[in-house]
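Okay, here's what each chain looks like letter by letter:
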Amino acid sequence: MHLTHLDEKNHPKMVDVSEKDISSREAVASGKIYMSEEAFKAIIENKAKKGPVLQTAIIAAIMGTKQTSNLIPMCHPLMISKVQTHIEENQQEHSFKLYVSVKCEGKTGVEMESLTGVSIGLLTIYDMIKAIDKSMQITDIVLESKEGGKSGKYLRS
């Protein structure tokens, strides 16, 4: 098996994408954060001491998406053309599910950008409400779908 991020001397390298064609790339990732009823209510009722939690998490998700190549060593810097977020509230299980959709025209996909955006957004929720609940749990960070490039479409079943 040939590992694409290692050279012939087993040294790390970024994959050379210079020969690849530019195409439309899109990816959607999601993840969940579970918390206590008290923490959930503080967020819903906008009573968190650090400010508006969900709005801040959305901004953090966008910022995290744009910083992916600075955080993940082998990711290429990309000209992202769109980042869109969506948050679902689940009152029964005191959770929020964050979706991050990323789009660009480029030579490599945006899966890592969408996954990073979700991670940073959920970590921001944790940070902003941890004074109420340190036992929160971030789970199920997954790639929901991707389009574009040589491998084509992927849709989580």
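Here the structure is a predicted model, which is why all the values come from computation and not from measurement.

(A) Up close: the overall build of the protein chain. Along the backbone of the protein chain there are four helices and five strands. Ordered by position from the N terminus, the helices and strands of the protein chain form the series β-α-α-α-β-β-α-β-β. Along the three orthogonal principal directions, the C-alpha set of the protein chain runs to about 55 × 30 × 30 Å. Buried residues in the protein chain amount to 38% of all 157 residues.

(B) Molecular detail of the side chain of His76. Residue placement: His76 occurs in the loop between α3 (68-71) and β2 (80-90). By relative accessible area, His76 is classed as buried at 17%. A polar contact is formed between the side chain of His76 and the backbone oxygen of Val15, at a distance of 2.8 Å.

(C) Structural context of the sheet that holds β2. Across the sheet, five strands lie side by side as β2-β3-β1-β4-β5; this open sheet has antiparallel pairing. Of all the strands in the sheet, the pair left with one neighbour each is β2 and β5 (154-155). As judged from the eight bridges shared by strand β1 (residues 23-34) and strand β4 (residues 137-147), these two strands associate in the antiparallel manner. Directly across from Ser30, in β4, lies its bridge partner Val142. The sheet contacts of helix α4 (residues 111-129) involve β1, β2, β3 (95-106) and β4, and relative to β1 the element is tilted by about 25 degrees.

Rules behind the numbers
Residues numbered from 1 in each chain as written. Predicted model: local features only at pLDDT ≥ 70, side-chain atom pairs only at ≥ 80, totals over all residues. Heavy atoms only, no water. Helix = DSSP H or I, 4+ residues; strand = E, 2+ residues; numbered from the N terminus. Buried < 20%, exposed > 50% of the residue type's maximum accessible area, 1.4 Å probe, protein only. Polar contact = N/O pair within 3.5 Å; in protein donor to acceptor, adjacent residues only side chain to side chain. Pairing = 2+ DSSP bridges. Contact = heavy atoms within 4.5 Å. Axes fitted to C-alpha atoms, helices over the stretch in contact; angles between N-to-C directions.

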